[in-house]
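Fold and contact review
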Amino acid sequence: MRRASSENGSVDRSNGHAVEGAKDVQDGDVTAGSDFLQLDIRDAPLGGRADWLAGQLRRAMADGRLPLGSRLPATRVLSAELRVSRGVVTEAYQRLSEDGHVEGRGRNGTVVVAVPVGVAEPAAVTVASGMAEPVGVVGRRVRRAPVGLGAGVRRLRPNPSRQPPDSATLFGLPPGEDVFDLIRAAPARIDLSPGVPDLAAFPRAAWLRAEREVLGELAAVGFGYGDPRGTVELRQAVAHWLGRNRGIRVEPGEVLIVAGTAQALALIGGVLREDGVEELAVEDPGSLGIRQHLANQGLRTPPVTVDGEGVLVSELAEPGDRRAVLLTPAHQFPTGVVLGGARRRELLWWVEGGGLVVEDDYDAEHRYDRSPVPAFRSMAPERVCYLGSVSKLLAPALRMGWMVAPPRYRDALVSAKRFADLGNAVLPQLVLARLMESGELERHLRLLRQRHRRRRDAMIKAIQAHLPGAVVHGAAAGLHLLVTFEGLGLADTDLTAAALARGVKVHPLSWHRQRPEGPPGVLLGYAATATTAIEEGVATVGEALREVA
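Residues numbered from 1 in each chain as written. Predicted model: local features only at pLDDT ≥ 70, side-chain atom pairs only at ≥ 80, totals over all residues. Heavy atoms only, no water.

**Things to note about the overall build of the chain**
Note the cut-off: Helix numbering and strand numbering both begin at the N terminus, where a helix is a DSSP run of H or I of at least 4 residues and a strand a DSSP run of E of at least 2. Classification of residues uses two cut-offs on accessible area relative to the type maximum, computed with a 1.4 Å probe and protein chains only: under 20% is buried, over 50% is exposed, and between them is partly exposed. Contacts are residue-level and defined by heavy atoms, with any inter-residue pair within 4.5 Å sufficient. Computed with a 1.4 Å probe, the accessible areas rest on the Shrake-Rupley method; for each residue, only the protein chains presented here act as cover.
Broken down by element type, the chain carries 16 helices and 19 strands. For the chain, with 549 residues in total, the buried portion stands at 58%. The contacts in the chain between residues at least 6 apart in sequence include a share of 75% that link residues at least 24 apart. Accessible area of the chain: about 22200 Å², with a carbon and sulfur share of 52%.

So, in structure tokens, the structure goes:
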């Protein structure tokens, strides 16, 4: 991993961003790039930016990422994201308008009204390193392996009282299957748990407005049993969202609406078991919660090492039955690294040999200091099962997500969803679809990025002040920071227990490791906490560290 010294010893080791004191982050030096169509202005020739942008938009219209009726971003928004003059975007839109492909509709924005024909496809797919790779893959059947449980998961009897244990008990034993229920219920004056967006920013007014519109328009038949795949409206909205923001070309019929990533993992686990797959490799370090859900489906979860460039694909080729792997390539959990270009090429080679990737794209929208990273599924659609949700974008309580599966598993997953719950609730689907198609969700995302960035900056500054010598990982994106303490002989569970005893809730890195290698560390969430509380919380963690170190 890359290491950069700071003024007081705190450094960032993520592969996309280096922190050298609070000033670098607070100055607002953000890499130019837009989630919309994964546009990167660095690809444009000098003096020809408007031509380049118009060409990219034509290509997206031709290949289906911008279908008829799609609304283009406001010129002010897109020019800010690309860090070009507004005139560049206005000129590109004007050329498309003159060609008859788009039409300005006042407050409703600029809308695609005709699809160009004869637009040449690029010969290759651009990956994170700037290299180009072909997208063709070939699959083969995964052979059978013995049944087993996920490594590192301790099964306990449920706690009917649901009373949270004290901090020493909570962190003193290996985490059980209800550990996240217990830590959520544990009282604390400051909660720095990872993985939660700014819930206070939930767009209540926009949601209520959309819900009233949906109820006013919904026919009586719409209140009956729906399609287990999800409503047509939401599947279409998700297809458009993925095309615009994640570089994935997908038809609405390929999208399966699920009750969050948790249900997606349960459905995938059952379907893979039916297909003879009893082992799904996972990143190490990697999400404990994911391992728990897979273990509940009877799948083994062998660890695959993660370093500064992402997962070590070479370990997938080792002897054994590692023909399926779950990855977080756009923003690895918990380290925050991005799967590098060379590793993506290795992974493409691996899936061409019959491997299956389950891609958990859990918070790719939240980026601050790096260019957009395309989803891996955009490179290998026949061998990737893609998962996404609004849990990190709107709220986990909505229990709303989506899955785009390879053709081989699509029907089986729809069947599994049908027998699980007959499909998600219809009304929230229609409301979410309205927010996605109206542009309201993208406006909400821009608001969140501003808030989250300020809180991220405040946390980095607090770490530099109160945790000297700490190593910061993953500052360029996400909702949390990983902080490690190299050279200190301490158990991170002792540190988190001491912090909770002082009223501050954080998660230990060791929970997310299957193997004991590596320094102790903690995960510090910043998105859902005010800057003043972040400062106080990190200072308290510093006090706890001095006690246990």
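**Here's the deal with the packing of helix H9 (residues 260-274) against helix H12 (residues 407-421)**
Two measures define how a pair of helices packs: the angle their axes make with one another and the distance between the axes. Operational definition: Here an axis means a line fitted to C-alpha atoms, over the contact stretch when the element is a helix, while the angle between two N-to-C directions is reported on a 0 to 180 degree scale. Should an angle lie under 35 degrees it is considered roughly parallel, over 145 roughly antiparallel, and from 65 to 115 roughly perpendicular; all remaining angles are considered oblique. Each helix crossing is assigned a hand: it is left-handed if the near helix lies turned anticlockwise from the far helix by less than a right angle, otherwise right-handed if that turn is clockwise. Residues are grouped as follows: nonpolar covers Ala, Val, Leu, Ile, Met, Phe, Trp, Tyr, Cys and Pro; charged covers Asp, Glu, Lys and Arg; every other residue, Gly included, is treated as polar.
Interhelical geometry of H9 versus H12 gives an angle of 120° and a closest axis separation of 9 Å. Taken together, the axes of H9 and H12 are oblique relative to one another. Considering only the axes of H9 and H12, their crossing is right-handed. Residue-level contacts link Gln263, Leu267, Ile268, Val271 and Leu272 of H9 to Tyr409, Ala412, Leu413, Ala416, Lys417, Ala420 and Asp421 of H12. When grouped by side-chain class, the residues that make up the contact of H9 with H12 number nine nonpolar, one polar and two charged.

**Details of the nonpolar core**
To keep things clear, this is the line we draw: We define a nonpolar core as any set of buried Ala, Val, Leu, Ile, Met, Phe, Trp, Tyr and Cys residues linked to one another through side-chain atoms lying within 4.5 Å.
Leu234, Val238, Leu242, Trp402 and Met436 are the most contacted members of the largest nonpolar core, which totals 33 residues. Among the elements of the structure, helix H7 (204-217), helix H8 (232-245), strand S7 (255-258), strand S14 (401-404), helix H13 (426-438) and helix H14 (440-466) are those that each provide at least two residues to this core. Broken down by element, this core gets its largest block of residues, seven residues, from H13. In this structure, Ile460, Ile463, Ala498 and Ile534 belong to the second largest nonpolar core, which totals 30 residues.

**Side note on H9**
In plain terms, the rule: Expected span of a helix: the number of residues minus one, times 1.5 Å.
End to end, H9 covers 22 Å across 15 residues, agreeing with the expected 21 Å (1.5 Å per residue, within 8%). Listing the buried residues of H9 in full gives Gly260, Thr261, Gln263, Ala264, Leu265, Leu267, Ile268, Gly269, Val271 and Leu272. Directly beyond the C-terminal end of H9, a positive phi value near 90° is found at Gly276.

**Quick notes on empty space enclosed by the protein**
In this approach a probe as big as a water molecule rolls over the atoms, and the regions it shows empty are the leftover space. Heads up, the rule is: In this analysis the probe radius is 1.4 Å and the grid spacing 1 Å, with only protein atoms considered; a cavity is a set of points the probe fits into but cannot get out of, a pocket is an open set with protein on both sides within 12 Å along at least five of seven lines, and lining residues have an atom within 4 Å of a point. Grid points are joined across faces, edges and corners, and a volume is the space filled by probe spheres set on the points.
One pass over the structure, following the stated rule, counts six cavities of 30 Å³ or more. In this structure, the largest cavity occupies an estimated 60 Å³ of space. At the level of elements, S7 and H12 are the ones that each hand at least two residues to the lining of the largest cavity. The element contributing the most residues to the lining of the largest cavity is H12, with three residues.

**A short note on the packing of helix H3 (residues 75-82) against helix H4 (residues 86-98)**
Relative orientation of the contacting elements H3 and H4 amounts to 125°, with a least axis distance of 8 Å. Between H3 and H4, the crossing angle belongs to the class labelled oblique. Considering the relative orientation of H3 and H4, their crossing is right-handed. In this structure, H3 uses Thr75, Arg76, Leu78 and Ser79 to contact H4, whose residues at the interface are Arg86, Val89, Thr90 and Tyr93. Residues of the contact of H3 with H4, tallied by class, amount to three nonpolar, three polar and two charged.

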